[in-house]
Amino acid sequence: QVAAAGIRGSDLKGLMVPFPSIDLQRAIARMLGALDGKIEVNERIANTALGLAQARYGAAASTDGWRTLALGSAARWLSGGTPRTSEPSYWGGEVPWISALSLKSPWIDDSDRKLTALGSISGTRLVPAESIIFVVRGSSLKSEFRVGISQREVAFGQDCKALIVDDSIDPYLLF
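Below is a short write-up of the structure.

Procedures and definitions
Residues numbered from 1 in each chain as written. Predicted model: local features only at pLDDT ≥ 70, side-chain atom pairs only at ≥ 80, totals over all residues. Heavy atoms only, no water. Helix = DSSP H or I, 4+ residues; strand = E, 2+ residues; numbered from the N terminus. Rg over C-alpha atoms; globule rule 2.2 N^0.38 Å. Contact = heavy atoms within 4.5 Å. Areas by Shrake-Rupley, 256 points an atom, 1.4 Å probe, with all protein chains shown as cover. Lys, Arg positive; Asp, Glu negative; His and termini not counted. Charge placed at Lys NZ, Arg CZ, Asp CG, Glu CD. Buried < 20%, exposed > 50% of the residue type's maximum accessible area, 1.4 Å probe, protein only. Pairing = 2+ DSSP bridges. Salt bridge = Lys/Arg side-chain N within 4 Å of Asp/Glu carboxyl O. Phe/Tyr/Trp six-rings, centres within 6.5 Å; stacked < 30°, edge-to-face > 60°.

Turning our attention to the overall build of the protein chain. Looking only at helices and strands, the protein chain features four helices and nine strands. Walking the protein chain from its N terminus toward its C terminus, one meets helices and strands in the order α-α-α-β-β-β-β-β-β-β-β-β-α. The globule rule puts the C-alpha radius of gyration for 175 residues at 16 Å, and the 23 Å found for the protein chain is more than 25% above it. Nonlocal contacts in the protein chain, meaning residues at least 24 apart in sequence, comprise 68% of its contacts between residues at least 6 apart. Counting every atom, the protein chain has about 12,200 Å² of accessible surface; 57% of that belongs to carbon and sulfur. Each charge class in the protein chain was averaged separately, 19 positive and 18 negative side chains, and the resulting centres sit 7 Å apart.

Following this line, the structure appears as structure tokens:
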């Protein structure tokens, strides 16, 4: 009985909705069930790997040779930028351009938006592989902190910061 303004329930009752045969519906349901099972197994594997990594990190951190320093001293901090989107010669190349929207994986190696060589030197920054990139502005910060480590040279937008880790620190450890 509740609908968006301008849509009446009686309008929705007449909406034609296609359905495949019951056999195909059941086959689809079985496939989705199998995928749910695979997702559950993958989550258990990921949790086990995370537990092992935390244990390994904890054991290593309790040994001599560790030091403490401010994050600001651990890396060179860079701000990103966006080349003019109205300039077609800047876009459609091979250099991934990382934005708050495209930073969805911890392993940064691609993006749906790419820059040309000219675009990569026009209003943005390039960072090398093993740079840590994280979101500092945008609606995603309400619910999550997006961070990743580049697997190749990438450019990034103004909603992100990049850390180029000091040579005395392993970038994956800092990540």
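Glancing now at the side chain of serine 120. As for its position among the elements, serine 120 is in the loop between β4 (114-115) and β5 (125-127). The class for serine 120 is buried, based on a relative accessible area of 7%. In this structure serine 120 touches Val95, Leu115 and Leu126, once residues within four positions along its chain are discounted.

Bringing the side chain of serine 140 into the picture now. On the secondary structure map, serine 140 appears in the loop between β6 (132-135) and β7 (147-150). What serine 140 contacts, discounting residues up to four positions off in sequence, is Val135 and Arg146.

Strand order across the open sheet formed by four strands is β4-β2-β8-β5, with mixed pairing between neighbours. The open sheet has two edge strands with one neighbour each: β4 and β5. With two bridges joining them, strand β2 (residues 91-98) and strand β8 (residues 154-156) adopt parallel strand pairing. For tryptophan 97, the partnering residue across the bridge sits in β8 and is alanine 155.

Next up on the list: the environment of lysine 161. In this structure, lysine 161 sits in strand β9 (residues 160-165). When the C-alpha atoms of lysine 161 and phenylalanine 134 are compared, they prove to be 5.6 Å apart, with 27 residues separating the residues in sequence. Those residues in contact with lysine 161, other than ones at most four positions away along the chain, are Leu78, Ser79, Ile132, Ile133, Phe134, Val136 and Phe156.

With that settled, consider the pattern of salt bridges. Counted under the stated rule, the structure contains five salt bridges. Glutamate 40 is the partner of arginine 44 in a salt bridge, and the nearest nitrogen-oxygen pair spans 3.2 Å. Here arginine 44 and its partner glutamate 40 are both found in helix α2 (residues 22-61), four residues apart, which amounts to about one turn of the helix. A salt bridge links arginine 84 to glutamate 87, with the nearest nitrogen and oxygen atoms 3.7 Å apart.

Here the focus is the sheet that holds strand β1 (residues 75-79). Strand pairs in the sheet, formed through backbone hydrogen bonds, run parallel or antiparallel to each other. Taken together, five strands build an open sheet; the order of strands is β1-β9-β6-β7-β3 and the sheet is mixed. Each edge of the open sheet carries a strand with a single partner, namely β1 and β3 (107-108). Here three bridges tie β6 to β7, and the two strands are oriented antiparallel to one another. Bridge pairing in β7 places phenylalanine 134 opposite valine 147.

The geometry of two aromatic rings is summed up by the distance between their centres and the angle between their planes. Counted under the stated rule, the structure contains six aromatic pairs. Ring plane angle 85° and centroid distance 5.8 Å describe the contact between tryptophan 77 and phenylalanine 134, whose orientation is recorded as edge-to-face. With tryptophan 77 in strand β1 and phenylalanine 134 in strand β6, the pair connects residues that are 57 residues apart, well separated along the chain. On the accessibility criterion, phenylalanine 134 (10% relative accessible area) is buried. Here a set of aromatic residues connected by ring pairs shows up, and it is made of Trp77, Phe134 and Phe145.

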